[in-house]
Every structure is written in C-alpha cells, then in structure tokens.
Amino acid sequence: MILVSSCLAGQGCKYNGSSALVKEIEALVENKEAMMMCPELLGGFHTPREPAEIIKGTGIDVIKGNARVIERSGKDVTDIYIDGAYKALSIAKEIKATVIVLKENSPSCGSEYIYNGAFSNVKIAGEGVTTALLRKHGFIVMSESQFAAEMHGDQS
C-alpha cells in the first residue's frame, strides 16, 4: 500500500487551505491503491493555519530535539509537528506502506527541500519532521516529483 500526503490527492489541507493535487496520486487513492494522511492535521492543526518553518536545522534535528518548528508569528509548534509525525509513522506501520509520497518543501513532508527558517521563500536541502522520522524507521519516502519520475520511468 502506498501512503500519500492528503494534499497531493486533492484535499485542501495545506496551511493556506489549498491542495497540491497530482491527478495520478488522486487516482491511486480512488482505486484504493493508496491511502491519504496529513501529518499536520494528525498532530492537531486545522486548515487554514499560519505558515511554519524549521528553525536552525532540518526534520531530523527536530526529532533529536536540536531544532524547532516555529510559525511566522513566532509561536513554537514543534510538539504538534512531532505528534503528527509519530501518528503518520503509526499509520505507515499499520498499513505496511511500501512507499510514502509526501509534499515537497513542507516542514512536515519535505523529502529533498524545506524552507530555510527565515520566512524568506528560500529553500534549502533537507527533510521535514515526518519524512525524517519515517526514514529513520526504514520507510521509503519521496516527493511528488520523484514519484512522478518513477511512474514515468525517468532516470532523473
């Protein structure tokens, strides 16, 4: 079973209430080949919500207690991100996820890139909190673009 970010399947659960629909992922969910989840909603957030970024590190640093997730207004929401990541891990284990496709650039779900923590729209190499925890537990996590490349047989 494939586990996917709910926003990639068309659910309006991104911080601003929008989705990041990928038709192929939506079709996998409709065909019951994939299951949706949103770590941020699992952690207790609602939609819409204030944007947040990882400060002074990446997702693995948050898991280790060496970095924080902060909303633009300065509110520390690290515990919500960690809680959502552990709930996503529980789901991944329960359904025996073979691959997990998460939304790139997110402080939860980014697999290659996240924002730099300065709310300046600058991305850095790194992974989000949920991705870091899932990978730590041996799951294969990829972005929507990596998944599309695999689906189309691209070597990039």
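Please read all numbers here as calculations on a predicted model, not as lab measurements.

Criteria and cut-off values
- Residues numbered from 1 in each chain as written.
- Predicted model: local features only at pLDDT ≥ 70, side-chain atom pairs only at ≥ 80, totals over all residues.
- Heavy atoms only, no water.
- Phe/Tyr/Trp six-rings, centres within 6.5 Å; stacked < 30°, edge-to-face > 60°.
- Helix = DSSP H or I, 4+ residues; strand = E, 2+ residues; numbered from the N terminus.
- Buried < 20%, exposed > 50% of the residue type's maximum accessible area, 1.4 Å probe, protein only.
- Core = buried A, V, L, I, M, F, W, Y, C linked by side-chain atoms within 4.5 Å.
- Contact = heavy atoms within 4.5 Å.
- Axes fitted to C-alpha atoms, helices over the stretch in contact; angles between N-to-C directions.
- Parallel < 35°, antiparallel > 145°, perpendicular 65-115°, else oblique.
- Left-handed = near helix turned anticlockwise from the far one by under 90°.
- Nonpolar A, V, L, I, M, F, W, Y, C, P; charged D, E, K, R; others polar.
- Pairing = 2+ DSSP bridges.

### Side note on the packing of aromatic side chains
- Taken as a whole and judged by the stated rule, the model has one aromatic pair.
- Geometrically, the ring pair formed by Phe45 and Tyr81 is edge-to-face, given 5.3 Å between the ring centres and 65 degrees between the ring planes. Taken together, the positions of Phe45 in the loop between helix H2 (39–43) and strand S3 (52–55) and Tyr81 in helix H4 (residues 78–95) put the pair 36 residues apart, joining distant regions of the chain. Of the two residues, Phe45 and Tyr81, neither departs from the other in class, the shared state being buried.

### Brief notes about the nonpolar core
- Of all hydrophobic cores here, the largest spans 27 residues; its most connected members are Val69, Ile100, Val129 and Leu134.
- Mapped by element, the contributors of at least two residues to this core are S3, helix H3 (59–63), H4, strand S5 (99–102) and helix H5 (129–136).
- Beyond its immediate sequence surroundings of up to four residues, Leu134 is in contact with Ala88, Leu89, Ala92, Ile100, Leu102, Phe139 and Val141.
- Ile2, Ala9, Cys13 and Val99 belong to the second-largest nonpolar core, a separate cluster that totals 17 residues.

### Side note on the environment of Ala9
- Locating Ala9 in the fold gives a position in the loop between strand S1 (2–5) and helix H1 (23–30).
- The residues touching Ala9, leaving out its near neighbours within four places in the chain, are Leu21, Ile25, Glu26, Val29 and Met36.

### A short note on the packing of H4 against H5
- Relative orientation of the contacting elements H4 and H5 amounts to 40 degrees, with a least axis distance of 9 Å. Classed by the angle they form, the pair H4 and H5 counts as oblique. Taken as a pair, H4 and H5 cross one another with a handedness that is right-handed. For the pair formed by H4 and H5, the contact residues are Tyr81, Ile82, Gly84, Ala85, Tyr86, Ala88, Leu89 and Ala92 on the first element and Val129, Thr130, Leu133 and Leu134 on the second.
- Across the contact of H4 with H5, the residue classes break down as 10 nonpolar, two polar and no charged.

### With respect to the sheet that holds strand S8 (residues 141–143)
- Strands sit in the order S2-S1-S5-S8 across an open sheet of four strands; the sheet is parallel. Whereas interior strands pair on both sides, the edge strands pair on one side only; in this sheet they are strand S2 (34–37) and S8. Averaged over all neighbouring strand pairs, the angle between strand axes comes to 25 degrees, with direction disregarded.
- Across three bridges, the pairing between S1 and S5 is parallel. Opposite Leu3, over in S5, you have Ile100 as the bridge partner.
- Sheet strands touched by H4: S1, S2 and S5. Its angle to S1, the strand with the most contacts, is close to 155 degrees.

### Observations regarding unusual backbone geometry
- The linkage connecting Thr47 with the following residue, Pro48, adopts the cis geometry, with an omega of -5 degrees.
- Examined against the element boundaries, Pro48 turns out to sit in the loop between H2 and S3.
- In this structure, Lys32 is a non-glycine residue whose phi angle is positive, near 60 degrees.
- Tracing the backbone shows Lys32 in the loop between H1 and S2.
- Given the relative accessible area of 67%, Lys32 is considered exposed.
- In this structure, Lys56 is a non-glycine residue whose phi angle is positive, near 60 degrees.

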